[in-house]
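What follows is each chain in one-letter form.
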Amino acid sequence: MGISWSGVFPAVTTQFTEDQSVDLEGTARHVEVLLESGVGGLVMLGSLGENVSLKPEEKRRLMASTIRQVGGRVPVLSGVAETATAGAAGYVMDMEKLGADGVMVMPAMVYKSDPRETQEHFRTIARTTCLPILVYNNPVSYGVDITPRMFAELADQKNLIAIKESSADVRRITDLINEVGERYTIFTGVDDLALESVMLGAKGWIAGLVNAFPAENQYLWELAAAGKWEEAKKIYRWYMPLLHLDTHPKFVQYIKLAVQECGMGRETVRAPRLPLAGAEREAVLKVIHEGIRNRPSVPRRGAR
């Protein structure tokens with residue numbers, strides 16, 4: 001489709017007020033901080049954005065607000081997480097009308113589809129829109145694995161242009177490239193495999209901890225993309241305890257707590273999620289505070 005996505009695309013947190021209402025102004029402030037760090041795009045309403053916790057009208061209102069705010073500075077994508085294919089297709093059509101630059105489509109929620117059903121889900125959605133689609137493969141969380149062979153079979157659907165690979169098996173990147181070459185742009189979706197993924201051919205990173213550490217995250221990406229591996233490893237080793245927070249079932253709470261501790265928003269989540277408490281909270285705060293205390297000095301963006 002002539003579209004080339006690359007670089008860091010934060011999976012942006014959705015900010016809530018203390019009563020769990022969507023905080024459009026708080027989310028917008030956070031988006032501006034991310035844009036200032038030099039990110040390549042934004043993914044709103046992904047898993048980290050608590051997509052399935054929002055009402056349909058809340059999702060559309062948030063997307064309309066963000067698209068207006070960004071004003072074409074970077075691509076703005078919406079996550080698509082619905083229980084039925086028809087609902088997902090309808091949501092994508094609404095995103096096209098709102099002016100989104102693309103969508104990140106998950107398998108249908110709740111039901112674990114088999115390979116034939118999974119492929120038909122993505123084909124049906126792709127046929128309803130001219131928007132470019134990033135296919136989200138996360139068998140760990142959603143129980144549906146889109147294999148390299150399946151991606152080869154889907155390759156004739158031209159607006160399926162990219163893959164968020166979150167199988168947590170870094171070997172998948174090489175298997176995908178061996179299977180489909182450069183047909184899709186590969187994004188890593190697992191924070192603590194980011195550097196390895198770039199070394200193996202990933203062109204982008206759907207990132208989580210970037211929400212709290214945007215400058216350091218972007219600098220790491222730039223070093224890796226430039227092949228400056230020794231410098232990148234130093235940043236990565238500092239960052240790794242924080243990046244591990246992205247791979248826990250409570251990654252939303254963990255990352256939102258980091259966002260709050262870095263002064264970029266609230267930790268408020270929407271039920272059934274609850275803010276962390278007790279020993280678990282103290283353990284996560286220790287990781288966050290050590291990361292803040294030891295954070296590396298990175299060059300200002302214009303000086304890199």
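Above this text is the structure in question.
Below or above, wherever it landed, is the structure these notes cover. Note that the structure is predicted; figures quoted are calculated from it, not measured.

Remarks on the environment of G41
Moving on, step 1. Relative to the assigned elements, G41 resides in the loop between α1 (24-36) and β2 (42-44).
Moving on, step 2. G41 sits in the buried class, given a relative accessible area of 0%.
Moving on, step 3. For G41 and Q218, which are 177 residues apart along the polypeptide, the C-alpha to C-alpha distance reads 12 Å.
Moving on, step 4. Not counting residues up to four positions away in its chain, the partners in contact with G41 are V8, F9, P10, V74 and P75.

Some remarks on the layout of surface pockets
Moving on, step 1. Here the largest pocket defines a volume of roughly 550 Å³.
Moving on, step 2. Mapped by element, the contributors of at least two residues to the lining of the largest pocket are α5 (139-142) and β8 (204-207).
Moving on, step 3. At three residues, the largest contribution of residues to the lining of the largest pocket is made by α5.
Moving on, step 4. Taken together, the residues of the lining of the largest pocket break down into 16 nonpolar, eleven polar and five charged.

Describing the packing of aromatic side chains
Moving on, step 1. For the structure on display, the rule yields seven aromatic pairs.
Moving on, step 2. Judged by centre distance (6.3 Å) and plane angle (55°), the ring pair of W5 and F9 falls under tilted.
Moving on, step 3. What makes F9 buried here is its relative accessible area of 0%.
Moving on, step 4. For the pair F213 and Y239, a centre-to-centre distance of 6.2 Å together with 75° between the ring planes defines the contact as edge-to-face. One end of the pair, F213, is in the loop between β8 and α9 (214-225); the other, Y239, is in helix α10 (residues 229-243), with 26 residues separating them in the sequence. Accessibility assignment for this pair places F213 and Y239 in one class, buried.
Moving on, step 5. When the ring centre of Y91 is taken as origin, the NZ or CZ atom of K59, which lies over that ring, is 5.9 Å away.
Moving on, step 6. Directly above the ring of Y136 sits K164, whose terminal nitrogen or CZ lies 3.9 Å from the centroid.

Let's talk about the pairing of strand β6 (residues 160-165)
Moving on, step 1. Most of β6 is tucked away: six of the six residues are buried.
Moving on, step 2. Here five bridges tie strand β5 (residues 133-137) to β6, and the two strands are oriented parallel to one another. Pairing of Y136 across the sheet is with K164, part of β6.
Moving on, step 3. Two strands pair when backbone bridges link them, and β6 and strand β7 (residues 185-188) are joined in this way by four bridges, in the parallel orientation.

Section: the packing of helix α3 (residues 85-98) against helix α4 (residues 115-127)
Moving on, step 1. Two numbers describe how α3 lies on α4: the axes approach to 9 Å, and their chain directions differ by 30°. Classed by the angle they form, the pair α3 and α4 counts as roughly parallel. In the crossing of α3 with α4, the sense of the turn from one axis to the other is right-handed. On α4, the residues touching T85, A88, A89 and V92 of α3 are H121, T124 and I125.
Moving on, step 2. Its residues assigned to classes, the contact of α3 with α4 shows four nonpolar, three polar and no charged.

Focus: the side chain of K256
Moving on, step 1. If you trace the backbone, K256 turns up in helix α11 (residues 251-261).
Moving on, step 2. Exposure remark for K256: the relative accessible area of 0% places this residue in the buried category.
Moving on, step 3. Side-chain polar atoms of K256 contact the backbone oxygen of T14, separated by 2.6 Å.
Moving on, step 4. There is a polar contact of 2.7 Å between the side chain of K256 and the side chain of E50.

Re α9
Moving on, step 1. The terminal C-alpha atoms of α9 lie 16 Å apart, and with twelve residues this matches the ideal 16 Å at 1.5 Å per residue to within 8%.
Moving on, step 2. Within α9, nine of the twelve residues are buried, leaving the element largely enclosed by the surrounding structure.
Moving on, step 3. Buried within α9 are the following residues: P214, E216, N217, Q218, Y219, L220, W221, L223 and A224.
Moving on, step 4. Those residues of α9 hidden inside the fold are in contact with β1 (7-10), α1, α8 (194-200), β8 and α10.
Moving on, step 5. Directly after α9, the chain includes G227, whose backbone phi takes a positive value near 75°.

Re helix α7 (residues 171-180)
Moving on, step 1. Taken together, the buried positions of α7 are occupied by R172, I173, L176 and V180. The arc that holds the buried residues of α7, viewed along the axis, is 105°, so those residues lie on one side. With respect to the buried face of α7, the exposed residues turned more than 90 degrees away are R171 and N178.
Moving on, step 2. The elements touched by buried residues of α7 are β5, α6 (148-154), β6, β7 and α8.
Moving on, step 3. The positive-phi residue at the C-terminal boundary of α7 is G181, with phi of around 60°.

Procedures and definitions
Residues numbered from 1 in each chain as written. Predicted model: local features only at pLDDT ≥ 70, side-chain atom pairs only at ≥ 80, totals over all residues. Heavy atoms only, no water. Helix = DSSP H or I, 4+ residues; strand = E, 2+ residues; numbered from the N terminus. Buried < 20%, exposed > 50% of the residue type's maximum accessible area, 1.4 Å probe, protein only. Contact = heavy atoms within 4.5 Å. 1 Å grid on protein atoms, 1.4 Å probe; cavity = no way out; pocket = protein on both sides within 12 Å on 5 of 7 lines; lining within 4 Å. Points joined across faces, edges and corners; volume = space filled by probe spheres on them. Nonpolar A, V, L, I, M, F, W, Y, C, P; charged D, E, K, R; others polar. Phe/Tyr/Trp six-rings, centres within 6.5 Å; stacked < 30°, edge-to-face > 60°. Lys NZ or Arg CZ within 6 Å of the ring centre and 35° of its normal. Pairing = 2+ DSSP bridges. Axes fitted to C-alpha atoms, helices over the stretch in contact; angles between N-to-C directions. Parallel < 35°, antiparallel > 145°, perpendicular 65-115°, else oblique. Left-handed = near helix turned anticlockwise from the far one by under 90°. Polar contact = N/O pair within 3.5 Å; in protein donor to acceptor, adjacent residues only side chain to side chain. Expected span 1.5 Å × (residues − 1). Arc of directions from axis to C-beta.

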